[in-house]
Amino acid sequence: MTKLPLLALCSALALAACARQAPVQLGPDGLPLPVAYTITARESAAIAPRILGEVNALRAASGAPPVQLNPQLTAAAEAHARDMSAQNRAWHFGSDGSSPIDRVQRAGYAGRLIGQNISETYENDIATLNAWMRTRDTRDVIMDPTARDLGMAWYQEPSGKIWWTLVMGG
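Residues numbered from 1 in each chain as written. Predicted model: local features only at pLDDT ≥ 70, side-chain atom pairs only at ≥ 80, totals over all residues. Heavy atoms only, no water.

### Quick look at the confidence of the model for the chain
This is how it is decided: The predictor reports its confidence for every residue as pLDDT, a score running from 0 up to 100. Contact definition: two residues touch when any of their heavy atoms are within 4.5 Å.
For the chain, per-residue confidence averages 88 on the pLDDT scale, and residues scoring 70 or more make up 84% of the total. Scored below 50 in pLDDT, residues 4-21 makes zero contacts in the model with residues more than four places away or belonging to other chains.

Right under this line is the structure:
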């Protein structure tokens, strides 16, 4: 009697292994197209601490002091991420003409703005941080030894597109 259920299980596994896998879609460059990353409520709470940990690990490896999450910088980053979505373009100026300096002052940050990194993507926070680290200008913002504070925010559209903003201050 135990052979029949075992045989049925083996047959089901064999059939599942033969099932067609969705083909990977390739872009014009021959590389796989990214799959949209969805930020769930649970994931949302984990992003800023995860980015803080990764940034501090990168900074420690180069001898730079750690940074801490700052609520005013995070508020400025969040406002800008939403505004970039409304404008449908990744750039450093707000729809009201505000600069990153204007936004951190408006949010009540008393320190000095070091820089702002932005991204328009369908990828997660770590892939975005990796992209910033591959480019000198954005890497310099993250690794600036005078930085003490970090603000990190995003806005995800219903289409899955994510607008990321990281702000560093000192």
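On we go.
### Regarding the packing of aromatic side chains
The following threshold applies: Pairing of aromatic rings covers Phe, Tyr and Trp, the last counted by its six-membered ring, and requires centre-to-centre distances within 6.5 Å; plane angles under 30 degrees mean stacked, over 60 mean edge-to-face, and any other angle means tilted. For the exposure calls, accessible area comes from a 1.4 Å probe over protein chains only, and a residue counts as buried if that area is under 20% of its type's maximum, exposed if over 50%, partly exposed in between.
A complete count under the given rule lists two aromatic pairs for this structure. Both rings, one in Trp91 and one in Phe93, keep their centres 5.6 Å apart while their planes meet at 65°; by these two values the pair is edge-to-face. Residue classification places Trp91 among the partly exposed residues on the basis of a relative accessible area of 30%. Ring geometry for Trp154 against Trp164: centres 5.8 Å apart, planes inclined by 50°, an arrangement best described as tilted.

### Focus: the packing of helix H2 (residues 41-61) against helix H5 (residues 125-133)
Put simply, the rule reads: The angle between two axes is taken between their N-to-C directions and runs from 0 to 180 degrees, where each axis is a line fitted to C-alpha atoms and a helix contributes only its stretch in contact. For helices the rule is a DSSP run of H or I covering at least 4 residues; for strands it is a run of E covering at least 2, with both sets numbered from the N terminus onward. In what follows, roughly perpendicular refers to angles from 65 to 115 degrees, roughly parallel to angles under 35, roughly antiparallel to angles over 145, and oblique to any angle outside these ranges. In a left-handed crossing the near helix is turned counterclockwise from the far helix by less than a right angle, and in a right-handed crossing that turn is clockwise.
The N-to-C vectors of H2 and H5 enclose an angle of 30°; their axes lie 10 Å apart at closest approach. With respect to H5, the axis of H2 lies roughly parallel. Here the hand of the crossing between H2 and H5 comes out right-handed. Residue-level inspection shows Glu43, Ile47, Arg50, Ile51, Glu54, Val55 and Leu58 of H2 in contact with H5, the latter providing Asp125, Ile126, Leu129 and Met133.

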